[in-house]
Amino acid sequence: MSFPIPATSPLPYSLALLLTLALGWRWLPGGVRYAGVVVEILLVVLMTPLGANTLARMVESRAPSASACKAPMPDTVVVLGAGFAYAPASTDDFGALHLAGLQRLFAGVALWRRIPGAHLVIAGGGGGGRIREAVPMANLAMQLGVPASSIEIEDHSRNTWQNARNVAALTPPIPKRIWLVTSAMHLPRALGAFRAWGFEPCAWPSNLPEAHLEIWPGAFVPQGGAASTASVALHELIGELEYAWLEWRHARDATAGARH
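Residues numbered from 1 in each chain as written. Predicted model: local features only at pLDDT ≥ 70, side-chain atom pairs only at ≥ 80, totals over all residues. Heavy atoms only, no water.

1. Thoughts on the overall build of the protein chain
Piece 1. The helix and strand tally for the protein chain stands at eight helices and five strands.
Piece 2. Put simply, the protein chain runs from its N terminus to its C terminus through helices and strands in the order α-α-α-β-α-β-α-β-α-β-α-β-α.
Piece 3. Principal axes of the C-alpha set define a box for the protein chain whose edges measure 70 × 50 × 40 Å.
Piece 4. Per-residue burial over the protein chain gives 46% buried out of 260 residues.
Piece 5. Taking as baseline every contact in the protein chain between residues at least 6 positions apart, the subset at least 24 positions apart corresponds to 72%.
Piece 6. Total accessible area on the protein chain is roughly 13700 Å²; 64% of this is exposed by carbon and sulfur atoms. (Helix = DSSP H or I, 4+ residues; strand = E, 2+ residues; numbered from the N terminus. Buried < 20%, exposed > 50% of the residue type's maximum accessible area, 1.4 Å probe, protein only. Contact = heavy atoms within 4.5 Å. Areas by Shrake-Rupley, 256 points an atom, 1.4 Å probe, with all protein chains shown as cover.)

2. A short note on the packing of helix H6 (residues 160-168) against helix H7 (residues 187-196)
Two measures define how a pair of helices packs: the angle their axes make with one another and the distance between the axes.
Piece 1. Remark: H6 packs on H7, axes separated minimally by 9 Å, with the N-to-C direction vectors making an angle of 35 degrees. When you trace H6 past H7, the crossing you get is right-handed. Between H6, through Thr 160, Trp 161, Asn 163, Ala 164 and Val 167, and H7, the contact on the second element is made entirely by Arg 189, Ala 190, Ala 193, Phe 194 and Ala 196.
Piece 2. In terms of residue class, the contact of H6 with H7 is built from seven nonpolar, two polar and one charged. (Axes fitted to C-alpha atoms, helices over the stretch in contact; angles between N-to-C directions. Left-handed = near helix turned anticlockwise from the far one by under 90°. Nonpolar A, V, L, I, M, F, W, Y, C, P; charged D, E, K, R; others polar.)

3. Quick word on the packing of aromatic side chains
Piece 1. Taken as a whole and judged by the stated rule, the model has five aromatic pairs.
Piece 2. Ring centres 5.9 Å apart and planes at 65 degrees place the aromatic pair Trp 161 and Trp 197 in the edge-to-face group. Taken together, the residues span a long stretch of sequence, with Trp 161 in helix H6 and Trp 197 in the loop between H7 and strand E5 (200-205) at a distance of 36 residues.
Piece 3. Residue classification places Trp 161 among the buried residues on the basis of a relative accessible area of 10%.
Piece 4. On the numbers, 5.5 Å between centres and 55 degrees between planes, the contact of Phe 194 with Phe 199 is tilted.
Piece 5. An aromatic cluster of at least three residues, connected via ring pairs, comprises Trp 161, Trp 197 and Tyr 243.
Piece 6. Just above the ring of Phe 199 sits the side chain of Lys 176; from NZ or CZ to the centre is 4.7 Å.
Piece 7. Positioned above the aromatic ring of Tyr 243 is the side chain of Arg 189, whose terminal nitrogen or guanidinium carbon lies 5.0 Å from the ring centre. (Phe/Tyr/Trp six-rings, centres within 6.5 Å; stacked < 30°, edge-to-face > 60°. Lys NZ or Arg CZ within 6 Å of the ring centre and 35° of its normal.)

4. Re the environment of Arg 132
Piece 1. Among the structural elements, Arg 132 can be located in the loop between strand E2 (119-123) and helix H5 (134-143).
Piece 2. The sequence separation of Arg 132 and Ala 233 amounts to 101 residues, and the corresponding C-alpha distance is 26 Å.
Piece 3. Leaving out residues up to four positions away in the same chain, Arg 132 has contacts with Phe 84, Gly 124, Gly 125, Asp 155, His 156 and Arg 158.
Piece 4. Separated by 2.8 Å, the side chain of Arg 132 and the backbone oxygen of Asp 155 make a polar contact. (Polar contact = N/O pair within 3.5 Å; in protein donor to acceptor, adjacent residues only side chain to side chain.)

5. Regarding the side chain of Thr 182
Piece 1. Tracing the sequence through the fold places Thr 182 in strand E4 (residues 177-182).
Piece 2. Among the polar contacts listed, one links the side chain of Thr 182 to the side chain of His 186, at a separation of 2.6 Å.
Piece 3. Non-local contacts of Thr 182, meaning those with residues more than four positions away in its chain, are made with Leu 80, Arg 104, Leu 187, Ala 190, Trp 204, Pro 205 and Ser 206.

Listed below in C-alpha cells is the structure:
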C-alpha cells in the first residue's frame, strides 16, 4: 500500500532544499546560501511537534467558538465531508469515509440531537467515483437514529467553496443561519466560504483543537505526525488565500449583476 505525501508537506521541500544546498553550496551566492539555510531550518522546525502545533494553533484560533453564536440559535446543521480514504464498495461502506469526515458526521449528529426539530444537511461529492460521499454519510446518520425526513444531501461538490455554493442552491432553500460542522483547522476557511454565499454560519468544531503546545524533549524532534499536522495547517493557510480571491471575485460579480 502506498501513502502519498501531501503537496503541502514540509518534508519533500526540506529534502529538496537540503540536497540543493549540499550540491551547490560552492556556486550559490552568499545571500542565497544563507537564505536557504534559514528556510531549511524553518521547514525542519515545522516538522517538530512544537513547530507544527504552533502553526496549527494559529489557524484554529481564528475561528470563533460555538459559544460565540448569538440568538436566535440555528436549527439547521450543515456537515461537510472530508473525502474517502479509499474507493467505497457500496453506499454502506462507512469505513471508506475519511476519519475527519466520520468525526464531522458524529459531531453533527450529536448536535442535531440537541436541537428539537433540527434539519441535517450533509455536503460532499468526494472522490469515490459513482458513489458520492454524502450518500454513505447520510446512510450512517440514519443508522445513528436520524430519520430520512430530517436529512438533505448535497453530493456534487468537490471542495469547500463548492460545498457552500451548492448548499446555497438547494431547493427548497435552507435557512441562512446554520450550524457549520467541520474540523477545527478547516473552520476558518469554511466559514469564509459560507459567508460569501450568503449564510450566517455558527462554528461547531468536530474535534478538539489539534495544537497542544507542550514542552518536552520530543517536541523539538522532527516527527511524522508533526509533519502531517503542519501539512494540514499549510493547506488551510494556502486555501484561505485562494478563497479570499474567490470571495472578492464573487462579491464583485454580485455587485456587477445587481447594477444590471
